[in-house]
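Survey of secondary and tertiary structure
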Amino acid sequence: MHPPADSIATVVFALFQGLVKQRRIDPDAVPEELFETALTWLFTGLAGAGESAATATDAGTTTET
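This structure is a prediction, so every number in the text was calculated from the model and none was measured. (Residues numbered from 1 in each chain as written. Predicted model: local features only at pLDDT ≥ 70, side-chain atom pairs only at ≥ 80, totals over all residues. Heavy atoms only, no water.)

Some thoughts on the overall build of the protein chain
Counting secondary structure elements, the protein chain contains 2 helices and 0 strands. When each of the 65 residues of the protein chain is scored for burial, the buried share is 14%. Carbon and sulfur atoms provide 61% of the accessible area of the protein chain, an area that totals close to 5200 Å². (Helix = DSSP H or I, 4+ residues; strand = E, 2+ residues; numbered from the N terminus. Buried < 20%, exposed > 50% of the residue type's maximum accessible area, 1.4 Å probe, protein only. Areas by Shrake-Rupley, 256 points an atom, 1.4 Å probe, with all protein chains shown as cover.)

Concerning the pattern of salt bridges
For the structure on display, the rule yields 1 salt bridge. As a salt-bridge pair, Glu32 and Arg23 come within 3.7 Å of each other at their nearest N and O atoms. Given the relative accessible area of 31%, Arg23 is considered partly exposed. (Salt bridge = Lys/Arg side-chain N within 4 Å of Asp/Glu carboxyl O.)

Points about the environment of Arg23
Here Arg23 shows up in helix H1 (residues 5-25). Not counting chain neighbours up to four residues away, the residues in contact with Arg23 comprise Val30, Pro31 and Glu32. At 2.3 Å, the side chain of Arg23 forms a polar contact with the backbone oxygen of Val30. (Contact = heavy atoms within 4.5 Å. Polar contact = N/O pair within 3.5 Å; in protein donor to acceptor, adjacent residues only side chain to side chain.)

Things to note about the environment of Ala38
Here Ala38 shows up in helix H2 (residues 34-58). Exposure remark for Ala38: the relative accessible area of 11% places this residue in the buried category. Taking the C-alpha atoms as reference points, Ala38 and Phe16, separated by 22 residues in sequence, lie 9.5 Å from one another.

This is how it looks when you write it as structure tokens:
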């Protein structure tokens, strides 16, 4: 089961805002491609979580996150 789209959008926007603020404070610590990389991590994890939940449901078990 995936979270609602508006919740995902809120998380993505907050991630973007946080990285922008951090880049202003310490530009060397936040490379330009970090937002793209972080989104890949986020959405790969969401896809994996959905697959894990579906597998667990098929097996008659549940997973907690």
